[in-house]
There are 2 protein chains.
Amino acid sequence: MTQTDNARIRHTVVFKLKHPKGSAEEQDFFKALMKLASIPGVEKFECMKQISKKNKFEYGVSMEFANQLAYDQYNIHPDHVAFVQNRWIKEVDDFLEIDFEPLKF
Amino acid sequence: MTQTDNARIRHTVVFKLKHPKGSAEEQDFFKALMKLASIPGVEKFECMKQISKKNKFEYGVSMEFANQLAYDQYNIHPDHVAFVQNRWIKEVDDFLEIDFEPLKF
């Protein structure tokens with residue numbers, strides 16, 4: 001196993017929804033989003049409110065994976081694929097993905 | 001104290017340096033950046049490598065504050081102000097700030 005395989009990954013997505021803030025549609029979206037937490041390999045799952053005025057995003061979701069393999073398996077998991085196709089693509093207005101690994105010098 | 005004053009904040013900045021990757025200048029920048037961890041109110045300070053190919057940023061720095069007041073005091077702390085003026089503005093090519101609060105429904 002290479003060093004890259006071993007590196008822990010924090011996967012973060014900031015996003016803006018098409019739904020009005022505080023709407024039932026918005027709540028239903030988060031209910032579906034939170035179900036991703038139960039996909040094997042997903043750790044430290046968090047949904048957050050984005051509060052900086054220096055970007056356009058309103059929410060964030062963050063999760064950690066033990067390594068790249070766990071992240072890859074999450075990406076291809078049927079529940080994740082279905083969520084992206086049935087909910088994310090239809091209900092998200094704009095988003096940005098950011099993935100972190102520990103920094104080593 | 002209002003609910004907003006009480007809310008814990010995770011302050012994240014993703015960025016791209018002007019320095020070549022792996023250079024001595026880059027290492028020196030991170031040495032200076034890491035000193036921000038000792039400013040009062042800064043918790044869970046982390047420097048990270050940004051690995052998603054879906055954005056242009058190369059690194060990230062993340063820290064938490066107990067509330068907005070602690071965050072405001074960090075922003076105006078002389079060590080933070082000096083770092084921004086003497087290092088960040090000169091050595092950072094591009095960046096994006098993202099601030100998270102816990103999401104409550």
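Look up a bit, the structure's there.
In this text, all values refer to a predicted model and were calculated from it rather than measured experimentally. (Residues numbered from 1 in each chain as written. Chains lettered and ligands numbered in written order. Predicted model: local features only at pLDDT ≥ 70, side-chain atom pairs only at ≥ 80, totals over all residues. Heavy atoms only, no water.)

Asker: Before we move on, can you summarise the relation of the copies chain B and chain A with the specific residues and values?
Answerer: Here the second copy of the chain follows from the first by a rotation about an axis and a shift along it. Structural alignment of chain B on chain A gives an RMSD of 0.0 Å, achieved by rotating through 180° and translating 0.0 Å along the axis. Expressed as an axis order, the relation between the two copies is that of a two-fold axis. Comparing interface residues between copies, 100% of those in chain B also sit at the interface in chain A, which points to an isologous, same-surface contact. (Least-squares fit on C-alpha atoms with pLDDT ≥ 70 in both. Contact = heavy atoms within 4.5 Å.)

Asker: Mind laying out the packing of aromatic side chains, listing which residues take part and the relevant values?
Answerer: Both the distance between ring centres and the angle between the ring planes are used here to describe each pair of aromatic rings. Residues and elements named next belong to chain B. All told, the structure shown has 24 aromatic pairs over all chains when counted by the stated rule. When the centroid spacing of 6.1 Å and the interplanar angle of 40° are considered together, the rings of Phe 15 and Phe 30 count as tilted. Here Phe 15, found in strand S1 (residues 9-17), pairs with Phe 30, found in helix H2 (residues 24-34); they are 15 residues apart in sequence, far enough to count as distant. Its relative accessible area of 0% is what places Phe 15 among the buried residues. (Phe/Tyr/Trp six-rings, centres within 6.5 Å; stacked < 30°, edge-to-face > 60°. Helix = DSSP H or I, 4+ residues; strand = E, 2+ residues; numbered from the N terminus. Buried < 20%, exposed > 50% of the residue type's maximum accessible area, 1.4 Å probe, protein only.)

Asker: Now, about the environment of Met 63 of chain A: what can you tell me, with residues and values included?
Answerer: Residues and elements named next belong to chain A. Along the polypeptide, Met 63 turns up in strand S3 (residues 59-65). Relative accessible area serves as the criterion here: at 2%, Met 63 is assigned to the buried category. Met 63 sits 19 residues away from Ala 82 along the chain, and the two C-alpha atoms are 18 Å apart. Other than its neighbours up to four places away in sequence, Met 63 contacts Ile 9, Arg 10, His 11, Val 42, Glu 43, Lys 44, Phe 45 and Tyr 74.

Asker: Help me get a handle on the pattern of salt bridges, residues and values and all.
Answerer: Using the criterion set out here, one finds 22 salt bridges over all chains in the structure. Between Asp 93 of chain A and Lys 16 of chain A there is a salt bridge whose closest N-O contact spans 3.9 Å. With Asp 93 of chain A in strand S4 (residues 92-102) and Lys 16 of chain A in strand S1 (residues 9-17), this residue pair connects regions lying 77 residues apart in the sequence. The exposure class assigned to Lys 16 of chain A is partly exposed, which follows from its relative accessible area of 25%. The partner of Arg 87 of chain A in a salt bridge is Glu 91 of chain A, and the shortest N-O contact between them spans 2.4 Å. Placement of both Arg 87 of chain A and Glu 91 of chain A in helix H4 (residues 78-91) is noted, with a separation of four residues, approximately one turn of the helix. The pair Arg 87 of chain A / Glu 91 of chain A is uniform in exposure class, with both members buried. Linked by salt bridges that have partners in common, Arg 8, Arg 10, Glu 43, Lys 44 and Glu 64 of chain A together with Glu 46 of chain B make up one network. (Salt bridge = Lys/Arg side-chain N within 4 Å of Asp/Glu carboxyl O.)

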